[in-house]
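The lines below spell out each chain.
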Amino acid sequence: MKDNILFAKNFFKNPSRNASLVPSSNTLSKKLINGIDFDNINYIMELGPGTGVITQEIIKNMKTDSKLILVELENSYVDMLFNRYSSYSNIFVEKNTAENMFDILSKYEFPKLDIIISSLPILPEKNRTKLVNNILKADSQWGSVYRTITYMPFIFKKVYKNMGLELKERVISNFPPVWIRGKN
Ligand SMILES: C[S@@+](CC[C@H](N)C(=O)[O-])C[C@H]1O[C@@H](n2cnc3c(N)ncnc32)[C@H](O)[C@@H]1O
């Protein structure tokens, strides 16, 4: 409940950055990582974890020796996630903007990324261009799996048309309804 209140507060503080009034549902979190072979995943990055609903699902599924970086811009979420995960030696909370993902990888000495899981809103154009280039770079270098969500499928398709993402699933039961897209 506390998490939901914080989430709603952040929506009113910065609607375009928070993008939704409530966190993702458990059903959506499960579907977002459905079909991913976590036995072969060692290096994971989550972009825009918020209050950590999807994070919890990732942690439930990842191997105990896999490493996870959570990249979040909003201070209140960063503090919350840091309090929750600072005792884990394989989970890192990074206050940063998502498009800096390659600098962040270097900081935590990740040799590659096996998977990038995003629930970011559609970013402003400058940030978005860098993010897209970096996700495509991760794909061409390491074949990284990418999963992302959107509440605005038509705008999303238009702005990310060069990414070659496929529709994985629609989760109509989530509020707001969500389209899951991804590659690999
Ligand atoms: C739609 S919410 C998703 C939150 C959570 N993952 C969930 O599914 O409930 C979007 C999240 O992305 C974060 N965010 C927005 N822009 C960001 C950026 N440029 N870099 C990192 N995080 C960002 C927001 O602060 C928020 O936590």
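Preceding block: the structure.
Below, the structure is looked at part by part. Because the structure is predicted, anything quoted here is derived from the model rather than measured.

## A few points about the site of the ligand
Phase 1: Around the ligand, the surrounding shell holds 24 residues, and the nearest of these are Pro23, Ser24, Gly48, Gly50 and Ala98.
Phase 2: Contributions of two or more residues to the shell around the ligand are made by helix H2 (15-18), helix H4 (53-61) and strand E2 (67-72).
Phase 3: Its residues placed into classes, the shell around the ligand shows 13 nonpolar, 8 polar and 3 charged.

## Considering the sheet that holds E2
Phase 1: Spatially, E3-E2-E1-E4-E5-E7-E6 is the arrangement adopted by the 7 strands of the open sheet, whose pairing is mixed. Of all strands in the sheet, those with a lone pairing partner are strand E3 (91-95) and strand E6 (166-171), marking the two edges. Mean inter-strand twist for the sheet, computed between neighbouring axes without regard to direction, equals 15°.
Phase 2: Sheet analysis places strand E1 (residues 43-47) next to strand E4 (residues 115-118), joined by 4 bridges and oriented parallel. Considered in E4, the bridge of methionine 45 is made with isoleucine 116.
Phase 3: The sheet contacts of H4 involve E1, E2 and E4, and relative to E1 the element is tilted by about 170°.

## Considerations on unusual backbone geometry
Phase 1: Here the bond from phenylalanine 175 into proline 176 is cis, since omega is -10°, no more than 30 degrees from zero.
Phase 2: The residue proline 176 is located in the loop between E6 and strand E7 (178-183) in this model.
Phase 3: Positioned with a positive phi, alanine 19 is a non-glycine residue whose angle comes to about 70°.
Phase 4: Inspection of the secondary structure puts alanine 19 in the loop between H2 and helix H3 (26-32).
Phase 5: The phi dihedral of glutamate 109 falls on the positive side, at around 55°, and the residue is not glycine.
Phase 6: With respect to the helices, strands and loops of the structure, glutamate 109 is situated in the loop between helix H6 (101-107) and E4.

## A look at the pairing of E3
If a strand is regular, its side chains alternate between the two faces of the sheet.
Phase 1: Among the 5 residues in E3, 4 count as buried, and that is most of the element.
Phase 2: Sheet topology places E2 next to E3; 5 bridges connect them, and they run parallel. Within E3, the residue paired with isoleucine 69 across the bridge is phenylalanine 92.
Phase 3: Crossover connection from E2 via helix H5 (residues 75-85) to parallel E3: handedness right-handed.

## Points about the nonpolar core
Phase 1: Of all hydrophobic cores here, the largest spans 40 residues; its most connected members are Met45, Val71, Ile115 and Ile116.
Phase 2: Ranked by residue count, the leading element in this core is E2, at 4 residues.
Phase 3: Apart from the residues lying within four places of it in its own chain, the contact partners of isoleucine 115 are Ile36, Ile41, Ile44, Ser144 and Val145.

## Focus on H4
Phase 1: Of the positions making up H4, those classed as buried are Val53, Ile54, Thr55, Glu57 and Ile58.
Phase 2: On the buried face of H4, the contacting elements are H3, E1, E2 and E4.

## Quick word on the pairing of E4
Phase 1: The side-chain alternation of E4 yields two buried faces, one formed by Ile115 and Ile117 and the other by Ile116 and Ser118.
Phase 2: Here 4 bridges tie E4 to strand E5 (residues 145-150), and the two strands are oriented parallel to one another. Along E5, the bridge assignment pairs isoleucine 116 with tyrosine 146.
Phase 3: Following the backbone out of E4, through helix H7 (residues 125-142) and into the adjacent parallel E5, one traces a crossover that is right-handed.

How each quantity is defined
Residues numbered from 1 in each chain as written. Predicted model: local features only at pLDDT ≥ 70, side-chain atom pairs only at ≥ 80, totals over all residues. Near = placed C-beta within 6 Å. Helix = DSSP H or I, 4+ residues; strand = E, 2+ residues; numbered from the N terminus. Nonpolar A, V, L, I, M, F, W, Y, C, P; charged D, E, K, R; others polar. Pairing = 2+ DSSP bridges. Axes fitted to C-alpha atoms, helices over the stretch in contact; angles between N-to-C directions. Contact = placed C-beta atoms within 7 Å. Buried ≥ 20, exposed ≤ 12 C-beta atoms within 10 Å, placed from the backbone. Right-handed = clockwise from strand over helix to strand, strands pointing away. Core = buried A, V, L, I, M, F, W, Y, C linked by C-beta atoms within 7 Å.

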